[in-house]
Amino acid sequence: MFQVLEHEIQAGKIEYTWSGKGKFIIDHTEVDPDFIGKGLGKKMVKATVDFAKENKLKVIPLCPFAKSLIEKTPEFQEVLSKADAEEL
């Protein structure tokens with residue numbers, strides 16, 4: 001799980017599962033209602049994409065929020081697994 005903390009409180013999280021050796025699935029993105037509107041969802045997806053880039057991993061975004069954001073952000077698309085990238 002990736003998470004974002006604000007004042008040591010979990011403000012949001014991204015849940016993922018591994019799908020083979022070099023690929024993971026973004027299953028769910030969640031922001032605590034007290035922190036909605038601060039751009040934390042986008043920050044978490046960016047951090048997840050950065051993690052994938054740094055570790056030469058591919059991502060399968062099943063979470064609708066993450067999938068939409070990755071599809072709209074060209075610099076995020078390089079981490080998409082081949083099948084997902086072909087859908088764009």
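Above this text you will find the structure in question.
Cut-offs applied
- Residues numbered from 1 in each chain as written.
- Predicted model: local features only at pLDDT ≥ 70, side-chain atom pairs only at ≥ 80, totals over all residues.
- Heavy atoms only, no water.
- Pairing = 2+ DSSP bridges.
- Helix = DSSP H or I, 4+ residues; strand = E, 2+ residues; numbered from the N terminus.
- Axes fitted to C-alpha atoms, helices over the stretch in contact; angles between N-to-C directions.
- Contact = heavy atoms within 4.5 Å.
- Right-handed = clockwise from strand over helix to strand, strands pointing away.
- Expected span 1.5 Å × (residues − 1).
- Buried < 20%, exposed > 50% of the residue type's maximum accessible area, 1.4 Å probe, protein only.
- Arc of directions from axis to C-beta.
- Polar contact = N/O pair within 3.5 Å; in protein donor to acceptor, adjacent residues only side chain to side chain.

(A) Broad picture of the sheet that holds strand β3 (residues 23-31). Spatially, four strands are ordered β1-β2-β3-β4 in an open sheet, and the strand pairing comes out mixed. A single partner strand is all that each edge strand has here, and the edge strands are β1 (2-6) and β4 (58-61). The sheet shows a mean angle of 25 degrees between the axes of neighbouring strands, direction not considered. Packing of helix α1 (residues 40-54) onto the sheet brings it into contact with β1, β2 (9-18), β3 and β4, and relative to β3 it is tilted by some 165 degrees.

(B) Fine view of the pairing of β4. Examined bridge by bridge, β3 and β4 share four bridges and lie parallel to one another. Within β4, the position partnered with F24 by the bridge is V59. Taken together, β3, α1 and β4 constitute a β-α-β crossover, and its handedness is right-handed.

(C) Summary view of α1. Here α1 contains 15 residues, and its C-alpha end-to-end distance of 21 Å stays within 8% of the 21 Å for a straight helix at 1.5 Å per residue. When α1 is considered as a whole, its buried residues turn out to be L40, G41, M44, V45, T48, V49 and A52. Lining the buried residues of α1 we find β1, β2, β3, β4 and α2 (64-72). Just downstream of α1 lies K56, where phi reads positive at about 55 degrees.

(D) Examining α2 more closely. Within α2, the full set of buried residues consists of A66, L69 and I70. End-on view of α2: buried residues confined to an arc of 100 degrees, all on one side of the axis. In this structure, α2 carries P64 and K72 as exposed residues pointing more than 90 degrees from its buried face. Tucked into the core, α2 has its buried residues touching β3, α1 and β4.

(E) Representation of the side chain of T48 within the structure. Residue placement: T48 occurs in helix α1. A polar atom in the side chain of T48 sits 2.8 Å from the backbone oxygen of M44.

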